[in-house]
Amino acid sequence: MQQPSSLPEQNSQIDGTPTLLQTIQQLRDDLWLESSLNQLQSRLYECLLSAANTMSQVITPEAEIFQTVVNELHQALNTGCIGCTHYVVGIAQCQPQEKKGRICYVSRFSTLETRTTEISYKQPTKVEFKLDAAIRLEDLQQMERQKPRIAWPLVDDSRDMMAWLIIATAKPHDHREQIHPLQIQLRSQLITKTIQHFNTALAQLRQIQSWQERCQQLANFNQELERTNQLKNQFLANTSHEIRTPLSSIIGFTHLLLAQGYESERQRHQEYLHIIQSSGKHLLELINDILDLSKIEANQLEVQWEIVEVSTLCRNVLALVKEKAANKGLKLRLEIDNDVTNLVVDPLRLKQMLLNLLFNAIKFTNLGSVGLRVSIKDLYLRFSVWDTGIGISQENQTRLFRPYSQIINPGAGSNEGTGLGLVVTQQLVEIHGGYLELESVIDQGSCFTIILPLKPQGKILEAIKIKAGEDLEISQELKKASNFQSSSSILINTSRVILLVEDDLANSELIRIYLGRLGYRVTCVKNAQEMWTMLPQIEPAVILMDVSLPNTNGLNLVRQLRNNIEYQQIPIVAQTAMTMKGDRETCLAAGVDDYISKPIDLQLLGTIVAKYI
């Protein structure tokens, strides 16, 4: 007798076998996919780690990522469970505006040098698949649209290059294999995930490169700060030395003259005072050089453009160095070509440049001559300062234009100077749109040549136009503030009384004594309150106004005087230690008639006062 219950049990076991096999296959596929992606991620991580640890590489990090994706995808497709088809993997790149690109990356594991795949659109087309092979943009776009797809676009991260991932089959034409839909789906998942990992790695690489660039900028900035700090320390050390040397002479000889019981001969007296005066001038020269260099670096140097007669200026400059050259027994020579006439330049700065070069030439010349030669060549005016001195070696020429860098003159008893003269000269030449040349031979002499354009152009021409406009505005403002009928008129006063508003007693006494010897009666006040008290009691011909006063600003007092009808016609001369760009214009705009900077040049002060009395 049959047992009907046993058959269904056997059938259920038979029916359940395919389900179990499918589950096993699914697990196998999932494990393969996960393993392939993990392998890819591991390789991409190594690329990013290498990029993060190495600033400079033989192969760019981007190329490493591209090649890694191609290699790993090739390995996964050809060692996995997606049929028996042999795949070739590559990446093609194309410029956005170009119609053709090239295959830039092909798997390194491929054994076939050339791959050919067929693209069916309109008519069969064959594309050669090998490294550096040309490929049309039209073909790539058709591969992307074809089913099943052959090409996948990658992220256009570089902004100047488009890229496609290409996966093609390479197999004998007589063997055709139908890929199961599940295998197509599995391959699609692998490609999609691979592209995602590629895009993520590329974005992370960009972030790493951004950090590296920022780190490099910070490193460069730190190096610049360190260099600046070293220059600051060098600057302070050199400046301290340069200041202390003349100060020692000033303090020492002053102490000697003031010492009780010391009575020197009048000749000695004059010698000590000459040393004190010379040391003071050296200090002033140092301060002026430092200020000029600071103004140039801060782009605040004031340039007064004028049309200058070159021959007259050169003769005046040589007159200033004549005595120094004569003391060393040197001949001074001046050569000016006949076609040299006028030049648009700042005459004060041109004199400063020429004097720096001439004093250096005299300093390093013990026998022979020093000269200035002016000529025209190729629309440039050339000022050549030459000498027959000791010359400059190539080593010294390389450091000649560094701040505080001085060349030792073995024939000189001392090496006076700040080491800033040539630096300032070179900067001034460049501000004038020119450049400085040097030729020198050891034991034969040197020649520094200032080369300036004959006609102003570019930034210089623009600066001249701007300066002309500023001068016009200042003139109009000064006229309005002072209520002068004519901006060029000078009110002459026969009174010889001068009101000096100065809080520094030493400067006040110096000016009072000097102007007193010139026949003026000087009344000194220390602040605004004393000035207003004294004004009604005297009728000053000129007011000398210190800009920096206790509890007030001298320019504010000038404005108050100009607004007072009783005092607005009195000439006012501002005296100030301010020498930065715009200071003179600020004083004139406040209503002063003239301007003199500290330390006061007493002869210049006497000339200015005489102009108004």
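See above for the structure.
In this report, we go over the structure that sits alongside the text. (Residues numbered from 1 in each chain as written. Predicted model: local features only at pLDDT ≥ 70, side-chain atom pairs only at ≥ 80, totals over all residues. Heavy atoms only, no water.)

**Side note on the overall build of the protein chain**
Along the protein chain, the regular secondary structure elements total 15 helices and 21 strands. The buried share of the protein chain, taken over its 613 residues, is 40%. Contacts spanning at least 24 positions in sequence make up 68% of the contacts within the protein chain whose residues lie at least 6 apart. Taken as a whole, the protein chain presents about 36100 Å² of accessible surface, with 52% of it coming from carbon and sulfur. (Helix = DSSP H or I, 4+ residues; strand = E, 2+ residues; numbered from the N terminus. Buried < 20%, exposed > 50% of the residue type's maximum accessible area, 1.4 Å probe, protein only. Contact = heavy atoms within 4.5 Å. Areas by Shrake-Rupley, 256 points an atom, 1.4 Å probe, with all protein chains shown as cover.)

**Some thoughts on the sheet that holds strand β21 (residues 594-597)**
Ordered in space as β16-β15-β17-β20-β21, the 5 strands form an open sheet in which the pairing is parallel. The sheet is open, and its two borders are formed by β16 (521-525) and β21, each paired with just one other strand. Between one strand axis and the next, the sheet turns through 20 degrees on average, direction left out of account. Where strand β15 (residues 497-501) lies against β16, 5 bridges are found, and the strand directions are parallel. (Pairing = 2+ DSSP bridges. Axes fitted to C-alpha atoms, helices over the stretch in contact; angles between N-to-C directions.)

**Observations concerning helix α5 (residues 266-297)**
Across its 32 residues, α5 extends 47 Å between first and last C-alpha, which sits within 8% of the 46 Å expected from 1.5 Å per residue. Taken together, the buried positions of α5 are occupied by Y272, I276, S279, H282, L283, L286, D289, I290, D292, L293, K295 and I296. Following α5 by one or two positions, N299 has its phi on the positive side, about 60 degrees. (Expected span 1.5 Å × (residues − 1).)

**Notes on a nonpolar patch on the surface**
Taken together, the side chains of L20, L21 and I24 make up a nonpolar region of the molecular surface, amounting to roughly 310 Å² of accessible area. Residue placement: L21 occurs in helix α1 (residues 6-53). (Patch = residues over 30% accessible without salt bridge, like charges linked within 9 Å, V, L, I, M, F, W, Y side chains within 5 Å. Salt bridge = Lys/Arg side-chain N within 4 Å of Asp/Glu carboxyl O.)

**Quick notes on helix α7 (residues 347-363)**
When the terminal C-alpha atoms of α7 are compared, their 24 Å separation across 17 residues agrees well with the 24 Å that a helix rising 1.5 Å per residue should span. Judged by how many residues are buried, α7 sits mostly within the fold: 13 of 17 residues are covered. Regarding α7, its N-cap is D346, as a side-chain oxygen of that residue lies 3.1 Å from the backbone nitrogen of L348 further along. (Polar contact = N/O pair within 3.5 Å; in protein donor to acceptor, adjacent residues only side chain to side chain.)

**Things to note about the pattern of salt bridges**
Taken as a whole and assessed by the stated rule, the structure comprises 12 salt bridges. Note that D139 and R136 form a salt bridge whose closest N and O atoms lie 3.0 Å from each other. Among the residues examined, D139 registers a relative accessible area of 5% and is labelled buried. Among the salt bridges present, the one from R227 reaches E224, with a minimum N-O distance of 2.8 Å. Remark: E224 and R227 occur in helix α4 (residues 181-258); sequence separation between them is 3 residues, near one turn of the helix. Residue classification places R227 among the partly exposed residues on the basis of a relative accessible area of 42%.

**Points about the packing of aromatic side chains**
Using the criterion set out here, one finds 5 aromatic pairs in the structure. Taking the centre distance of 5.2 Å and the plane angle of 10 degrees together, the rings of F66 and Y105 count as stacked. Remark: Y105 occurs in strand β2 (residues 100-106) and F66 occurs in helix α2 (residues 61-79); sequence separation between them is 39 residues. For the pair shown, F66 and Y105 are each scored as buried. Ring geometry for F253 and Y272: centres 5.0 Å apart, planes at 40 degrees, overall tilted. Of this pair, F253 sits in helix α4 while Y272 sits in helix α5; the two residues are 19 residues apart in sequence, bridging distant segments of the chain. (Phe/Tyr/Trp six-rings, centres within 6.5 Å; stacked < 30°, edge-to-face > 60°.)

**Examining the packing of helix α11 (residues 505-517) against helix α15 (residues 602-612)**
Closest axis-to-axis distance for the α11/α15 pair is 11 Å, and the angle between their directions is 60 degrees. The angle between α11 and α15 places the two elements in the oblique class. Two packed elements cross with a definite hand, and for α11 against α15 that hand is right-handed. Across the interface between the two elements, L510, I511, Y514 and L515 from α11 touch L602, Q603, L605, G606 and V609 from α15. For the contact of α11 with α15, the class distribution of residues is 7 nonpolar, 2 polar and no charged. (Parallel < 35°, antiparallel > 145°, perpendicular 65-115°, else oblique. Left-handed = near helix turned anticlockwise from the far one by under 90°. Nonpolar A, V, L, I, M, F, W, Y, C, P; charged D, E, K, R; others polar.)

**Topic: the packing of helix α6 (residues 310-327) against α7**
Direction vectors running N to C along α6 and α7 enclose 30 degrees, while the axes themselves pass 10 Å from each other. For the crossing formed where α6 meets α7, the hand is right-handed. Counted together, L313, V317, L318, L320, V321, K324 and A325 of α6 and P347, L350, K351, L354, L355, L358, F359 and I362 of α7 form the full contact between these two elements.

**Describing the sheet that holds strand β12 (residues 380-387)**
With mixed pairing, the 5 strands of this open sheet are ordered in space as β9-β11-β12-β14-β13. With one partner strand each, in any of the chains shown, β9 (331-336) and β13 (435-441) form the two edges of the open sheet. Each adjacent strand pair in this sheet contributes to an overall mean axis angle of 15 degrees, direction not counted. As paired elements, β9 and strand β11 (residues 369-377) share 6 bridges and run parallel to each other. The partner of K331 across the bridge, within β11, is S369. Packed onto the sheet, α6 meets β9, β11 and β12 and runs at close to 170 degrees relative to β9. Across the sheet, helix α9 (residues 421-431) lies against β13 and β14 (445-453), angled at about 30 degrees from β14, the strand it touches most.

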